[in-house]
Amino acid sequence: MAVAFEVTSGEQGAWAVLCVSGELDLMTSPVLRQRVHDAVAEGHHSLVLDLADVFFCDSSGVGVLIAARRLLRSCQGRLRLILPARGAVDGSHVNRVLGALGVRRLFDVYADLDTALADEQDPLSA
């Protein structure tokens, strides 16, 4: 059974928002990579990746997140991730994967879109 992967986009003020759902893996990560590049090429240097509906992420997905961070930093941009706690102590799957690999501290992580869009808010601590 194939699992649907989807990336939808929108804008909220100065922020481009990409909402990702499904599995972020070797087969789907190139789609997200391209959508991030497209957003930056369109002049968006403030990007929120809403990963709340990503239920699986492998190393290629993590690679796309790190590459997105690098791309946005190279153009003095900002990247924020939405990784909500889902009632579990460790939070979302992506959050656990980033933590296990020791790269979560590289990202500004927020619990929801409203918090991520509010400039005065501090990211969740690693």
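Structure shown above.
This is a predicted model, so every value here is computed, not measured.

A few points about the side chain of Ser60
Assignment of secondary structure puts Ser60 in helix α2 (residues 59-74). Residue classification places Ser60 among the buried positions, given a relative accessible area of 17%. Non-local contacts of Ser60, meaning those with residues more than four positions away in its chain, are made with Asp25, Leu26 and Ser29.

Re unusual backbone geometry
Only a minority of non-glycine residues have a phi that is not negative, and only a minority of peptide bonds are not trans. One non-glycine residue, Gln76, adopts positive backbone phi at about 55°. Take Gln76: it is sitting in the loop between α2 and β4 (78-82). Taking relative accessible area as the criterion, Gln76 reaches 68% and is therefore assigned exposed.

Here's the deal with the sheet that holds strand β1 (residues 6-12)
In spatial order, the strands read β1-β2-β3-β4-β5; together these 5 strands make up an open sheet with mixed pairing. Since the sheet does not close on itself, it has two edges, and those belong to β1 and β5 (108-110), each with one partner. Averaged over all adjacent pairs, the angle separating strand axes in this sheet is 25°, with direction ignored. Sheet topology places β1 next to strand β2 (residues 15-24); 7 bridges connect them, and they run antiparallel. Note that in β2 the partner of Glu11 across the bridge is Ala16. Sheet strands touched by helix α1 (residues 29-41): β1, β2 and β3 (46-57). Its angle to β2, the strand with the most contacts, is close to 175°.

Observations regarding the environment of Leu18
Within the secondary structure layout, Leu18 lies in strand β2. Considered as a pair, Leu18 and Asp50 are 32 residues apart in the sequence and their alpha carbons are 6.0 Å apart. Once residues lying within four places of it in the same chain are set aside, the contact partners of Leu18 are Val7, Thr8, Ser9, Leu32, Arg35, Val36, Leu47, Val48, Leu49 and Asp50.

Things to note about the pairing of β2
Summarising burial for β2: 7 of the 10 residues are buried, a large majority. Count of turn residues in the β1/β2 antiparallel hairpin: 2 residues, of which Gly13 carries a positive phi of about 65°. With 8 bridges joining them, β2 and β3 adopt parallel strand pairing. Opposite Leu24, over in β3, you have Cys57 as the bridge partner. After leaving β2, the chain enters α1 and then returns to the sheet as β3, a path that is right-handed.

Comments concerning the nonpolar core
Judged by nonpolar contacts, the single largest core of 29 residues is most densely connected at Leu32, Leu49, Leu51, Leu65, Leu81 and Leu98. Within the residue set of this core, elements represented by two or more residues are β2, α1, β3, α2, β4 and α3 (93-101). If we skip the residues at most four places from it in the chain, Leu65 touches Leu32, Leu49, Leu51, Leu79, Leu81, Val94, Leu98 and Phe107. Counting residues in each nonpolar core, the second largest holds 7 residues, with Trp15, Val17, Val48 and Ile82 among its members.

What counts and what doesn't
- Residues numbered from 1 in each chain as written.
- Predicted model: local features only at pLDDT ≥ 70, side-chain atom pairs only at ≥ 80, totals over all residues.
- Heavy atoms only, no water.
- Helix = DSSP H or I, 4+ residues; strand = E, 2+ residues; numbered from the N terminus.
- Buried < 20%, exposed > 50% of the residue type's maximum accessible area, 1.4 Å probe, protein only.
- Contact = heavy atoms within 4.5 Å.
- Pairing = 2+ DSSP bridges.
- Axes fitted to C-alpha atoms, helices over the stretch in contact; angles between N-to-C directions.
- Right-handed = clockwise from strand over helix to strand, strands pointing away.
- Core = buried A, V, L, I, M, F, W, Y, C linked by side-chain atoms within 4.5 Å.

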